[in-house]
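Residue strings, one per chain:
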Number of protein chains: 2
Amino acid sequence: MKEENDKTEKEGLTRRALLGGSMKLTALAGVGAVAGFAVMTPETAHAAANKVEVAPGDLDEYYGFWSSGQAGEMRILGMPSMRELMRVPVFNRCSASGWGSTNESRKIMRDGMLPETKKYLDSGGRGGVWTNGDLHHPHMSFTDGTYDGRYLFMNDKANTRVARVRCDVMKCDKMIEIPNTADIHGLRPQKYPRTGYVFANGEHRVPIPNDGSILDEPEKYHAIFTAIDGDEMKIAWQVMVDGNLDNCDADYQGLYAFSTCYNSEEAINLSGMIANERDWAVVFDIKAIEAGVKAGDFKEISGVPVIDGRKGSKYTRYIPVPNSPHGCNTAPDGIHVVFNGKLSPTVTVIDVRKLPDLFADKIKPRDTVVAEPELGLGPLHTAFDGNGNAFTTLFLDSQAVKWNIQKAIDLYNGKNANPILDKIDVHYQPGHNHTSMGETKEADGKWLISLNKFSKDRFINVGPLKPENEQLIDITGDKMQLMHDGPTYAEPHDCIIVRADVVNPDSTWTKGDSFWAETSEQAKKDGVELGAASEVIRDGNKVRVYMFSIAPNFSMEKFSVKQGDEVTIIVSNIDSIDDLTHGLTMANYGVAMEIGPQQTSSITFTADRPGVHWFYCQWFCHALHMEMRGRMLVEPA
Amino acid sequence: MKEENDKTEKEGLTRRALLGGSMKLTALAGVGAVAGFAVMTPETAHAAANKVEVAPGDLDEYYGFWSSGQAGEMRILGMPSMRELMRVPVFNRCSASGWGSTNESRKIMRDGMLPETKKYLDSGGRGGVWTNGDLHHPHMSFTDGTYDGRYLFMNDKANTRVARVRCDVMKCDKMIEIPNTADIHGLRPQKYPRTGYVFANGEHRVPIPNDGSILDEPEKYHAIFTAIDGDEMKIAWQVMVDGNLDNCDADYQGLYAFSTCYNSEEAINLSGMIANERDWAVVFDIKAIEAGVKAGDFKEISGVPVIDGRKGSKYTRYIPVPNSPHGCNTAPDGIHVVFNGKLSPTVTVIDVRKLPDLFADKIKPRDTVVAEPELGLGPLHTAFDGNGNAFTTLFLDSQAVKWNIQKAIDLYNGKNANPILDKIDVHYQPGHNHTSMGETKEADGKWLISLNKFSKDRFINVGPLKPENEQLIDITGDKMQLMHDGPTYAEPHDCIIVRADVVNPDSTWTKGDSFWAETSEQAKKDGVELGAASEVIRDGNKVRVYMFSIAPNFSMEKFSVKQGDEVTIIVSNIDSIDDLTHGLTMANYGVAMEIGPQQTSSITFTADRPGVHWFYCQWFCHALHMEMRGRMLVEPA
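These remarks concern the structure in this document. Everything numeric in this text was worked out from a predicted model, so none of it was measured. (Residues numbered from 1 in each chain as written. Chains lettered and ligands numbered in written order. Predicted model: local features only at pLDDT ≥ 70, side-chain atom pairs only at ≥ 80, totals over all residues. Heavy atoms only, no water.)

Some words on the overall build of chain A
As a reminder, the rule being used: For the purposes of this entry, the term helix denotes a DSSP run of H or I that reaches at least four residues, the term strand denotes a run of E that reaches at least two, and both are numbered from the N terminus. The globule rule used for comparison is 2.2 Å times the number of residues to the exponent 0.38, while the radius of gyration itself is calculated over C-alpha atoms. Relative accessibility thresholds used throughout: buried, under 20% of the residue-type maximum; exposed, over 50%; partly exposed, between the two (1.4 Å probe, protein chains only). Note on contacts: a residue pair is in contact if any heavy atoms of the two residues lie within 4.5 Å. Working definition of accessibility: Shrake-Rupley area with a 1.4 Å probe, residue cover restricted to the visible protein chains. Positive charges come from Lys and Arg, negative ones from Asp and Glu, while His and the chain ends are left out of the count. One atom stands in for each charge, and that atom is NZ of Lys, CZ of Arg, CG of Asp or CD of Glu.
Within chain A, the secondary structure is distributed over nine helices and 40 strands. What you see for chain A is a C-alpha radius of gyration of 26 Å, in line with the 26 Å of a compact globule of 637 residues. Dimensions of chain A, computed from the C-alpha atoms along their principal axes, are close to 85 × 65 × 45 Å. Residue burial in chain A is summarised as follows: out of 637 residues, 70% are buried. Here the contacts in chain A between residues at least 6 apart in sequence split such that 59% fall between residues at least 24 apart. Accessible surface, chain A: about 18900 Å² in total, of which carbon and sulfur atoms supply 49%. If you average the places of the 67 positive and of the 87 negative side-chain charges in chain A, the two averages end up 2 Å apart.

Set out below in structure tokens:
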């Protein structure tokens with residue numbers, strides 16, 4: 001372990017050297033040496049294995065809902081085994097399921113698109129949908145301060161979107177592009193009374209409108225905070241703010257939301273962005289904003305009410321915090337919110353009970369601060385155990401630090417207290433972390449996950465691109481204990497760990513599900529009963545091919561079309577056995593789709609390659625699965 | 001466990017019932033009861049955990065190179081921990097790395113495309129590259145009968161391709177479409193003297209040429225076996241055969257290749273395909289075919305020499321084997337090849353030493369058979385331990401069976417022998433299996449993996465689409481022991497398990513790597529030194545933006561283009577630290593790419609959205625990673 005620490009330290013120094021004079025970190029030397037390390041020995045590692053390994057036949061106790069970062073999908077993991085159970089394509093295109101190719105997925109991806117984006121994607125051979133996304137923060141809907149198992153919400157930083165996944169079928173059912181802003185980053189749902197709102201930060205400041213009339217005039221760029229109606233997946237309202245929004249969270253009272261701001265300088269290059277000693281956290285007064293919207297105190301831009309929440313506004317308050325805060329985390333005690341320092345070795349803790357006085361101008365912004373402990377170098381995110389303790393990732397120190405909130409408050413109040421309870425090395429450079437149920441009032445203090453950005457020598461070498469390393473830590477004892485190294489692709493930023501009993505998906509689809517409502521409507525018009533008919537309906541040069549699947553057969557052995565026809569294949573899987581998903585791949589046509597038990601899926605393409613083309617089932621379904629195929633005969637024009 | 005067995009049995013019966021009268025399986029009742037089961041108890045499960053869990057800080061002993069099936073990518077796993085270490089995009093498009101979007105990846109995907117496919121993909125807004133693939137069989141290059149760590153080869157059944165991955169950087173560097181055939185399935189490299197050839201089966205019979213002149217005349221369809229030059233990634237030759245090719249393998253002498261045929265009936269529907277009591281395995285005489293090609297005894301079709309290897313040809317022999325064989329596996333003893341029965345409870349074993357006499361017509365095809373043991377219902381694939389034992393997956397029985405080759409030969413020769421040594425339940429319905437180093441002469445008899453097609457109740461429920469379940473089995477003892485359940489997406493068909501010392505990837509790219517040869521050439525023409533210059537070169541309406549990256553900066557803070565310009569961004573990552581991959585995402589332009597340490601990546605798009613567009617690094621690289629960004633200013637037309 002000594003050698004690893006040396007490497008990390010050396011790396012850390014190299015990184016710091018790169019930062020040059022603009023960094024404030026040189027002043028912080030020695031901060032890392034505040035508490036003893038929990039050193040991993042081979043013995044503890046073996047003890048750990050017994051708790052992390054879920055033996056064949058046993059089940060995981062938690063769901064992990066995981067970001068994949070720039071891979072664009074959401075992932076479902078089993079915890080504590082850290083096994084990836086499912087990929088849910090969201091912002092990416094998926095070769096297996098046909099996400100981005102099927103009519104159902106394209107409708108979801110396109111319905112919430114802004115007109116100018118639709119126009120862009122429909123031109124230049126771009127195929128009508130984005131092929132990439134950058135999914136950072138997956139969070140579940142809440143009722144009364146804890147997860148309710150209805151939906152998961154997540155952001156796309158690359159193409160300024162927010163999407164929703166239905167937890168009954170674990171598929172994305174809504175996706176919207178956020179207007180008047182660029183590159184959604186921080187995202188958290190309203191915790192109380194329910195979700196309700198999904199809060200989303202536009203990270204990068206841009207002109208409004210961003211049509212080229214303003215270009216290299218950064219002082220005219222704006223940042224926008226958005227509240228989305230999570231039930232309707234429509235914009236409820238937006239707030240224009242000062243600074244550069246980063247992460248956000250909500251309180252447990254349904255009164256306030258919070259965003260960190262790491263570039264209060266509103267600069268457009270590195271040295272400018274880190275110039276100030278202090279940046280801020282913005283507090284949004286939800287009730288005041290709702291009243292303001294109701295009273296018409298907004299500007300409508302792109303069809304959305306935009307409230308002016310810049311400094312001096314009655315809708316917001318700006319709490320100064322040390323240089324470039326990053327994570328923003330509400331504690332399960334319902335009282336404290338932690339803003340993580342990033343370039344400062346501190347985290348700043350506020351008490352939400354002081355916020356009414358702040359908005360009433362009875363106190364100053366900094367009067368809401370109740371603690372500001374020094375934790376180590378590069379504090380990025382904080383998680384909680386529900387027992388008054390917090391766990392913060394230290395990016396530069398490559399550590400997780402466990403600290404006590406009350407002791408930090410005591411120290412801030414001048415008492416002789418050391419809030420730091422434990423530190424543990426992680427490998428290496430952690431970003432987000434998360435505890436089991438830790439962002440709810442039911443935080444259970446069992447598991448901490450550290451999402452580390454570098455894995456280096458932790459796994460056998462797989463070439464220049466290395467996995468990230470997600471480390472599972474047991475937090476049931478006084479000392480944190482490292483249990484498992486989990487490699488991942490490409491860069492999961494965030495995750496949540498949810499008790500298994502909260503999530504109750506269905507094992508088959510329901511006939512007539514709204515997921516394929518448009519297809520059902522068309523079938524009705526065509527006089528076809530989905531799942532019962534095998535019919536080819538010709539409608540000019542549009543051909544709709546209705547068939548069903550039952551292992552190991554498609555109901556249609558062959559069908560004929562003419563070169564140039566626009567062909568829609570609609571397949572209803574009438575198998576109702578658990579796990580009996582079929583697929584349809586039309587070979588050499590780039591056509592593939594998933595059809596779950598009782599699901600109907602459809603896909604449209606132009607049959608402009610003449611000849612014999614086999615379609616086949618690509619999800620193994622039967623001993624005679626390979627024989628489950630048929631032919632599309634395309635008559636030459 | 002009893003309950004699980006019941007479920008499997010019930011499911012098995014349901015499946016069999018579905019098959020109706022056309023199946024021959026009713027005659028096989030009772031076959032499953034030939035040997036004792038290895039039953040998993042909680043105690044053995046816990047003992048297992050100690051061997052499978054690779055503790056934090058320890059390294060896996062093997063690489064697993066994994067298919068992802070219809071997900072289209074290749075995966076690298078660590079074994080025995082079963083952790084996914086890396087995804088290598090191949091036939092799919094990748095949101096994270098920009099595979100399918102970068103100029104480098106598009107060149108690889110397009111260079112080996114047939115002209116008619118290129119034409120198809122360049123029209124109708126299809127974007128010039130396929131968005132899906134169906135990757136079944138990843139296999140490593142051989143030298144002298146064992147893996148040599150140079151390349152991995154793999155097929156795409158969906159769009160009739162074969163691709164290669166460079167093991168030094170673990171990236172796909174070549175991809176070719178196979179002419180004169182449809183839907184490549186079985187693929188194996190030549191084992192001796194080296195790879196050399198990569199053998200690939202066109203699964204679905206189609207007209208040649210498949211231009212619509214022949215449509216519903218299946219008797220005029222053909223199947224093609226292809227030998228690819230693995231060094232050049234060009235077609236060496238093709239052989240037209242009778243039947244419907246499935247899986248293939250090669251011998252350890254460099255003389256023969258083998259393909260199973262599951263539809264000797266050449267039928268186009270299910271009942272037709274399984275009508276015959278016997279199908280066959282085709283043996284290809286490599287030396288004779290090479291001589292035939294040299295002598296001009298071929299027809300050139302699509303620029304490729306096609307040998308006629310249909311029945312009666314001197315280049316092939318057809319060995320009758322029971323109904324619908326599937327897997328085709330050469331044993332590490334260098335002598336035996338196993339054809340797996342699928343619809344027959346048997347596997348058929350031939351002795352390659354008899355093949356010269358077969359081709360000399362001194363013996364009949366069935367005279368090459370030396371064993372044909374009954375193993376259970378639905379034998380699909382066989383792996384080997386290097387100690388004379390074989391492991392066969394039984395799809396319908398949901399079991400792995402361990403059997404002894406010599407005892408099977410003894411039984412075939414009328415001796416009183418029971419070749420079956422052990423059976424173990426797997427969960428559920430296994431397809432491929434594989435042993436550590438098992439397809440080489442260095443098979444080491446340590447691990448068996450069973451790639452099961454259904455997982456059902458083995459994991460917490462993730463909705464209608466379930467993961468597959470890959471089970472790791474310890475085969476060092478007399479009894480097989482189940483060690484780990486590994487869920488996977490979407491349907492990995494096959495994998496190989498390779499000793500870690502065989503694979504030695506680089507941790508950084510090499511400047512001037514051929515991967516971006518075209519970009520290097522263009523830079524030279526532009527007088528730009530990659531990695532040193534920050535320059536915008538305008539060439540009519542084409543704009544090339546050269547920059548470099550060094551954490552946490554791009555060398556360019558902003559650049560300006562005009563609406564409608566064709567913009568190429570070229571980024572050279574001059575960081576040379578292990579694991580310091582950068583990315584460039586151009587927000588709201590669908591542009592994202594990976595740039596590994598010392599790598600140059602480029603991407604081209606038309607700047608037809610005016611305004612301010614931020615580009616940012618999407619692979620965490622530094623405490624100030626979020627500040628690593630710049631602006632593209634697009635002046636309105």
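Now that the structure has been shown, we can carry on.
Let's talk about the interface of chain A and chain B
For clarity, the threshold we go by: By definition, the buried area sums, over both parts, the 1.4 Å-probe accessible area that each loses when the two are put together. Each reported salt bridge corresponds to a side-chain nitrogen of Lys or Arg within 4 Å of a carboxyl oxygen of Asp or Glu. By the criterion applied in these results, polar contacts are pairs of N or O atoms within 3.5 Å in which, for protein atoms, one can donate a hydrogen and the other can accept it, and in which residues neighboring in sequence qualify only through two side-chain atoms. Charged residues are taken to be Asp, Glu, Lys and Arg, nonpolar residues to be Ala, Val, Leu, Ile, Met, Phe, Trp, Tyr, Cys and Pro, and polar residues to be all remaining types, Gly included.
Every contact between the two is made by 163 residues of chain A and, on the other side, 164 residues of chain B. Counting the surface lost from both chain A and chain B, the interface buries some 13900 Å², and carbon and sulfur atoms represent 58% of this. Counting across the chain A and chain B interface gives 14 salt bridges. Two residues, R87 of chain B and E84 of chain A, come together in a salt bridge whose shortest N-O distance is 3.7 Å. At the junction of chain A with chain B, the criterion picks out 67 residue pairs in polar contact (both at pLDDT 80 or more). Residues of the side of chain A that touches chain B, tallied by class, amount to 76 nonpolar, 43 polar and 44 charged.

With respect to helix α8 (residues 405-412) of chain B
Residue pairs three or four apart in sequence face the same way in an α-helix, which turns once every 3.6 residues. Residue and element names in this part refer to chain B. The complete set of buried residues in α8 reads I405, A408, I409 and D410. Structurally, α8 contributes buried residues whose contacts are with β20 (336-340), β22 (369-371), β23 (379-384), β24 (389-394) and β25 (399-404). The residue sitting at the N-terminus of α8 and contributing the capping side-chain oxygen is N404; that oxygen lies 3.0 Å from the backbone nitrogen of Q406. Where α8 terminates, the next one or two residues include G414, which has phi positive at roughly 90°.

With respect to the pairing of strand β12 (residues 245-250) of chain A
Residues and elements named next belong to chain A. Rules: Two strands form a pair only when DSSP identifies at least two bridges running between them.
By the criterion of burial, β12 is predominantly enclosed, with six of the six residues buried. Alignment of β12 against strand β13 (residues 256-261), held across four bridges, turns out to be antiparallel. Its bridge partner being in β13, D249 is matched across the sheet by F258. Here β12 folds back onto β13 in antiparallel fashion, the turn holding five residues, of which G254 has a positive phi close to 75°.

Quick look at the packing of aromatic side chains
Residues and elements named next belong to chain A. In plain terms, the rule: Each Phe, Tyr or Trp ring (for Trp, its six-membered ring) is paired with any other whose centre lies within 6.5 Å, and the angle between the two planes then decides the class: stacked below 30 degrees, edge-to-face above 60, tilted in between. Put simply, a charge is over a ring when the Lys NZ or the Arg CZ is close to the ring centre, within 6 Å, and near the line of the ring normal, within 35 degrees.
All told, the structure shown has 38 aromatic pairs over all chains when counted by the stated rule. Ring geometry for F199 against W237: centres 6.5 Å apart, planes inclined by 45°, an arrangement best described as tilted. Of this pair, F199 sits in strand β9 (residues 197-204) while W237 is found in strand β11 (residues 234-241), placing the two residues 38 residues apart along the sequence. For the pair formed by F199 and W237, the shared burial category is buried. A connected cluster of aromatic rings, assembled from ring pairs, spans Y197, F199, F225, W237 and F284. If you follow R164 out to its NZ or CZ, it ends over the ring of Y151, 3.8 Å from the centre. Looking at R629, its charged tip hangs above the ring of W614, at a distance of 4.7 Å from the centre.

Some remarks on the nonpolar core
For the record, the criterion: The term nonpolar core refers to a set of buried residues drawn from Ala, Val, Leu, Ile, Met, Phe, Trp, Tyr and Cys, joined through side-chain atoms within 4.5 Å.
One finds F65, M74, V90, M140 and V498 of chain B to be the most contacted residues of the largest nonpolar core, which totals 45 residues. With sequence-adjacent residues up to four places away left out, M140 of chain B is seen in contact with F65, Y147, D148, G149, Y151, L152, C167, P189, I496, V498, V502 and V503 of chain B.

Section: the sheet that holds β9 of chain A
Residues and elements named next belong to chain A. Rules: Axis definition: a line fit to C-alpha positions, over the contact stretch in the case of helices; interaxial angles, taken between N-to-C directions, run 0 to 180 degrees.
Across the sheet, six strands lie side by side as β8-β9-β10-β11-β16-β15; this open sheet has mixed pairing. Only two strands of the sheet have a single partner each, and these edge strands are β8 (182-189) and β15 (299-301). Taken pair by pair, the neighbouring strands of this sheet meet at an average axis angle of 30°, ignoring direction. Direction of pairing for strand β10 (residues 223-229) relative to β11: antiparallel, over a ladder of seven bridges. Within β11, the position partnered with A223 by the bridge is V241. Against the sheet, helix α6 (residues 286-294) touches β9, β11 and β16 (304-308), its axis set at about 105° to β11.

Concerning the relation of the copies chain A and chain B
Cut-off, in case you're wondering: Alignment of copies: least-squares fit on C-alpha atoms of residues with pLDDT of at least 70 in both copies.
The operation relating chain A to chain B is a screw motion whose rotation component is 180°, with 0.0 Å of axial translation and a residual RMSD of 0.0 Å. The superposition operator between the copies reduces to a two-fold rotation axis. If distances are taken from each C-alpha of chain A to the rotation axis, the shortest is found for G125 of chain A, at 1.9 Å. Of all interface residues in chain A, 100% are interface residues in chain B too; the two copies therefore contact each other through one and the same surface.

Some words on the environment of H427 of chain B
Examined against the element boundaries, H427 of chain B turns out to sit in the loop between β26 (420-425) and β27 (430-435). Measuring from C-alpha to C-alpha, the distance between H427 of chain B and A637 of chain B comes to 61 Å, with 210 residues separating the pair along the chain.

Comments concerning α6 of chain A
All names here are of chain A. The criterion, for reference: Taken from the helix axis, the directions to the C-beta atoms give the arc we talk about.
Taken together, the buried positions of α6 are occupied by I286, I289, G292 and V293. Looking down the long axis of α6, one finds its buried residues gathered within 120° of arc, a one-sided arrangement. Of the surrounding secondary structure, the elements contacted by the buried residues of α6 are β9, β11, β13, β14 (278-285) and β16. For α6, the capping residue at the N-terminal end is D285, with a side-chain oxygen 3.3 Å from the backbone nitrogen of K287. Phi for G296, located one or two positions after α6, is positive at around 80°.

Quick word on the pattern of salt bridges
For the structure on display, the rule yields 86 salt bridges over all chains. Residue K171 of chain A pairs with E594 of chain A through a salt bridge whose shortest N-O separation is 2.9 Å. Of this pair, K171 of chain A sits in strand β7 (residues 171-177) while E594 of chain A sits in strand β37 (residues 591-595), and the two are 423 residues apart along the sequence. Across the pair, exposure class does not vary: K171 of chain A and E594 of chain A are buried alike. Counted as one network, the salt bridges with shared partners bring together E73, R75, E84 and R87 of chain A together with E73, R75, E84 and R87 of chain B.

Things to note about the sheet that holds strand β3 (residues 83-88) of chain A
Residues and elements named next belong to chain A. The four strands lie next to each other as β3-β2-β1-β30, forming an open sheet whose pairing is antiparallel. Because the sheet does not close on itself, it has two edges, and the strands there are β3 and β30 (495-499). Within this sheet the neighbouring strands show an average axis-to-axis angle of 25°, counted without direction. Both strand β1 (residues 62-67) and strand β2 (residues 74-79) contribute to a ladder of six bridges, which runs antiparallel. Pairing of Y62 across the sheet is with M79, part of β2.

Let's talk about the environment of F548 of chain A
Residue and element names in this part refer to chain A. One can find F548 in strand β32 (residues 542-550). By relative accessible area, which is 17% here, F548 ends up buried. For the pair F548 and E439, spaced 109 residues apart in sequence, the C-alpha to C-alpha distance is 44 Å. What F548 contacts, discounting residues up to four positions off in sequence, is G531, A532, A533, S534, N553, F554, S555, V571, S572 and I574.

Notes on the environment of A592 of chain B
Of note, A592 of chain B is situated in strand β38 (residues 591-595). The class for A592 of chain B is buried, based on a relative accessible area of 4%. As a C-alpha pair, A592 of chain B and E61 of chain B span 531 residues in sequence and 34 Å in three-dimensional space. Excluding residues within four positions of it along the chain, A592 of chain B makes contact with N132 of chain A together with S95, S97, G98, L584, T585, I603 and Q618 of chain B.

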